Every structure is written in C-alpha cells, then in structure tokens.
Amino acid sequence: MKIAILTSGILPVPATRGGAVENLIDFYLEYNNQYHLHDITIYSVDDEEAMHHPALHSDVNHYHFVDVRSFGAKIRKNFRHLLNREDYYHYTIEYYFEQALKHITEHQYDMVIIENRPGYGLKIPQKYPAKIVYHIHNDFLNAEVKQAQEIYDRANGIITVSEYIRQRVLTIDNVDKKSKVVLNGIDLHAFTKSPEKTVNRQDYGLKEDDFVIVFAGRIVPEKGVRELLEALQELQDYPDIKLLMIGGSFYGNELEETMFIKELRTQFANMQDRIVFTGFKPYQEIPAHLALADIAVLPSIWNEPLGLTSIEAMATGLPVITTDRGGISETVTPECAILLNGNKLQPSQISKAVLDLYHHPEKREIMGKAAQERSLLFSKDRYAKEFFDTIASF
C-alpha cells in the first residue's frame with residue numbers, strides 16, 4: 001500500500017526530541033524499512049536534527065517536513081489564528097495539519113494513518129479515496145469529545161494502544177467493529193542488555209549502597225509525583241533511600257521551572273540531599289539511568305493509556321510499584337509489580353510498598369526476573385508486526 005502518516009504536529013519524526021508517540025512511529029517505520037512492506041510518507045514538523053537523521057535514507061519511508069519554525073511560518077500561523085478562532089486543535093497544530101493536507105490531497109494514497117489526532121479526520125475531504133485509520137494513544141475519542149460521532153464515522157479503522165482506550169471508543173458505539181487493540185512495544189534490546197556505563201551513581205551524588213528508587217516520566221501532578229515525594233518524606237528514618245527523578249515538565253525540555261516544580265522544590269527543600277532531578281533525558285539514555293535503580297515507582301493518579309514506563313522498568317529487571325489506573329494493569333502482573341489503588345492513592349501506600357521491597361532483597365530479585373520475563377511480550381517487532389497486520393485488515 002501507499003500510506004501517508006499524519007503525526008501529532010508538535011514533535012518531529014524521526015523522534016529526535018523524544019515523545020512516546022513519535023518513538024512508536026519510529027519503531028514501525030524501522031520495521032517497514034527492514035521488510036519493505038509499504039511505501040510510506042511521513043508528514044512531520046520540521047526540525048534540524050530530524051531533517052539530517054540517518055532514517056531519511058530509507059527507500060520505502062519518505063519524510064515530508066512541514067515548515068513551522070521559520071519567521072514566515074510563524075507569521076502565517078498567527079494570521080491564520082486571527083481568522084480561525086474555532087479550530088478543533090491549537091492553531092499551531094491546525095497549521096501543521098493544513099499544510100500537510102495540501103500535500104496529501106495532491107497525491108494518491110491508499111491509506112492515511114492519523115497518529116493521535118482523530119479530529120484531523122473531520123477535515124479530510126469525504127471524496128478523498130484513501131482509507132482513514134486513527135491510531136489512538138490517549139483518551140481522545142470517546143462519547144464526551146467534541147463531534148465524537150462525526151469523527152468516529154469518518155474512520156475506516158481505529159487502532160488503540162490498550163483495551164482501556166478501546167473501551168473509551170466504545171462509548172460512542174457499543175457495537176463497534178472498527179476498533180482493534182495493538183499494545184505498544186519498546187526496544188527490548190536497549191533495556192534488557194547490560195547498558196553501556198554512560199552514567200553511574202556517582203554522577204548524581206548517589207552511593208553504591210544507597211537504595212535507589214527511580215521515577216521516569218513528566219514531572220506533572222497527574223503522574224503522582226507529589227504523592228511519591230510525600231512518601232519519601234515518610235521514610236525519613238531511612239536516609240539511604242534515595243529518589244532519582246528522570247524527566248522534564250514536557251518532552252524535549254530540561255527541567256523547566258513550572259509552577260508545580262517550584263512548589264515541589266519549596267515543599268521538599270529539606271529533602272534535597274535525597275532527591276535527584278535529572279531533567280529530560282533522550283530515549284536512548286533512559287536504559288542506563290533506569291539501571292542505576294533498585295526499584296521503580298510510577299504512581300500515576302490519572303488513567304494512563306497503557307504505561308510504557310512500567311514496561312521499560314520491567315525490561316530493565318526492576319520490581320515496579322505502580323497503580324491500577326487506565327491501561328497500566330494490562331502491562332503488569334502481581335509477580336512483577338505491586339499494584340496500588342490509584343483512585344485514592346495515599347503516600348503511606350507508596351511508602352509501605354517501598355519498605356516491603358527495601359526489607360526483602362530476595363523478593364526484589366524474584367520480582368525483577370518476573371518483570372523481565374513479562375516485558376518480552378512488549379517487543380517493538382511484535383508491536384510493528386501487529387500494527388501492519390491490523391491496518392491490512394481494515
């Protein structure tokens with residue numbers, strides 16, 4: 001098939017600035033490049049590093065970059081914003097989409113795959129002959145969203161990253177036959193092999209005999225960050241328990257001083273010797289950082305679409321403490337994770353679970369082995385194969 005891929009309109013593909021969705025696109029494009037399944041054109045926002053990435057040398061994956069950064073593009077975006085106050089998405093996203101759509105409608109594609117922006121489907125001409133497929137990574141298509149039925153009706157097929165997200169789509173049509181689940185995947189080799197020693201505990205002021213908890217993700221309230229820090233505060237009698245926080249406030253940023261992060265720094269100022277903020281780390285650096293830890297604590301208090309960070313921690317061989325929100329329970333089992341009630345998450349629940357693993361190294365070892373075994377279900381090759389098998393079924 002000849003396929004067009006519409007990305008989210010924020011971060012570039014190749015995923016030079018991170019982003020879970022963008023990394024997942026890279027995975028199936030890498031698979032397509034290896035097996036020459038389809039002729040694919042990817043529509044991405046422009047980015048200097050992405051535009052010189054080795055992936056652009058592919059014979060089957062073609063990259064079309066939309067200028068969103070130049071002075072002229074910024075003027076056009078702002079002018080467009082003045083004329084279009086009722087856009088479905090933010091005007092910068094809509095600008096990217098309209099520029100990409102111009103190019104798409106000038107070419108003949110068999111399928112247009114829309115990555116995580118189902119609202120794009122509203123503006124693709126009804127007479128355009130390509131099949132429209134949504135790849136939904138977040139809870140962006142359910143009965144409560146604007147023009148849900150119209151968006152749903154426009155699709156020929158819908159891929160969701162978890163059964164949880166699929167059930168949300170079913171709130172639009174409970175006899176739905178369009179949607180199918182393809183669980184996400186990760187680069188297992190990067191996480192399961194012994195990572196190169198590009199970083200060590202000393203780089204972050206951590207001792208070899210410290211008990212290190214790792215958190216990986218955006219430093220935002222819905223990730224349960226405050227509850228985690230309060231749990232660490234409850235463990236003040238255990239000064240060797242340290243917390244390594246990997247992530248920024250947004251993909252591609254350093255630790256931007258948002259109001260939330262400023263509040264955390266103030267509230268937990270007396271614990272600064274036990275908390276290390278690394279800021280954003282590129283995807284390729286995550287395995288080495290996870291390998292510094294003894295356990296992973298990922299206490300989301302919102303409905304995670306799936307929970308890639310849990311899978312990455314498991315692949316590293318870490319016991320996981322997480323919650324039952326959204327699709328997380330589709331990734332873990334009691335053999336490899338302690339699953340907390342995320343609806344009423346209390347810091348004491350986290351601290352109790354941490355102490356359980358702290359005091360029982362043999363339990364950590366058993367859970368770590370079970371975690372690595374469980375992670376094998378989430379390889380990027382399995383994900384990419386299922387993704388292409390599924391789009392072929394629509």
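The structure this text deals with has already been given above.
Conventions adopted
Residues numbered from 1 in each chain as written. Predicted model: local features only at pLDDT ≥ 70, side-chain atom pairs only at ≥ 80, totals over all residues. Heavy atoms only, no water. Phe/Tyr/Trp six-rings, centres within 6.5 Å; stacked < 30°, edge-to-face > 60°. Buried < 20%, exposed > 50% of the residue type's maximum accessible area, 1.4 Å probe, protein only. Helix = DSSP H or I, 4+ residues; strand = E, 2+ residues; numbered from the N terminus. Lys NZ or Arg CZ within 6 Å of the ring centre and 35° of its normal. Contact = heavy atoms within 4.5 Å. Patch = residues over 30% accessible without salt bridge, like charges linked within 9 Å, V, L, I, M, F, W, Y side chains within 5 Å. Areas by Shrake-Rupley, 256 points an atom, 1.4 Å probe, with all protein chains shown as cover. Salt bridge = Lys/Arg side-chain N within 4 Å of Asp/Glu carboxyl O.

A. The arrangement of the packing of aromatic side chains in detail. Overall, the coordinates contain 15 aromatic pairs when judged by the stated rule. A ring pair is formed by Tyr-63 and Phe-65, whose centres lie 6.3 Å apart and whose planes are at 15 degrees; its orientation type is stacked. Overall, the relative accessible area of 15% leaves Tyr-63 in the buried class. The interplanar angle of 90 degrees and the centroid separation of 5.1 Å between the aromatic rings of Phe-211 and Tyr-358 together place this pair among those described as edge-to-face. Note that Phe-211 is positioned in strand S8 (residues 211–216) and Tyr-358 in helix H11 (residues 347–359), a separation of 147 residues in sequence. The ring of Tyr-109 carries the charged tip of Lys-2 above its face, separated from the ring centre by 5.4 Å. Positioned above the aromatic ring of Tyr-152 is the side chain of Lys-178, whose terminal nitrogen or guanidinium carbon lies 4.5 Å from the ring centre.

B. Summary view of helix H10 (residues 308–315). Across the 8 residues of H10, 7 count as buried, placing the element largely inside the fold. Of the residues making up H10, those classed as buried are Leu-308, Ser-310, Ile-311, Glu-312, Ala-313, Met-314 and Ala-315. Among the structural elements, helix H1 (20–35), helix H6 (188–192), helix H9 (286–290), strand S11 (295–298), strand S12 (320–323) and helix H12 (361–375) are those in contact with the buried residues of H10.

C. Seen up close, a nonpolar patch on the surface. Together, Phe-79, Leu-82 and Leu-83 line one region of the surface with nonpolar side chains, adding up to about 350 Å² of accessible area. Mapped onto the elements of the fold, Phe-79 is located in helix H2 (residues 71–83).

D. Looking closely at the environment of Pro-287. One can find Pro-287 in helix H9. Residues Pro-287 and Lys-102, spaced 185 residues apart in sequence, show a C-alpha to C-alpha distance of 40 Å.

E. Summary view of the pattern of salt bridges. Across all of its chains, the model carries 23 salt bridges by this definition. With a closest N to O distance of 2.9 Å, Arg-168 and Asp-139 form a salt bridge. Of the two residues, Arg-168 is situated in helix H5 (residues 163–169) and Asp-139 in the loop between strand S5 (131–136) and helix H4 (148–154); the sequence distance between them amounts to 29 residues. You can call Arg-168 partly exposed: its relative accessible area is 22%. Looking at Asp-139, the relative accessible area reads 26%, which means it is partly exposed. One salt bridge connects Glu-365 with Lys-369, and the closest N-O pair in it is separated by 3.5 Å. Separated by 4 residues within a single helix, Glu-365 and Lys-369 lie in helix H12, roughly one turn from each other. Overall, the relative accessible area of 58% leaves Lys-369 in the exposed class.

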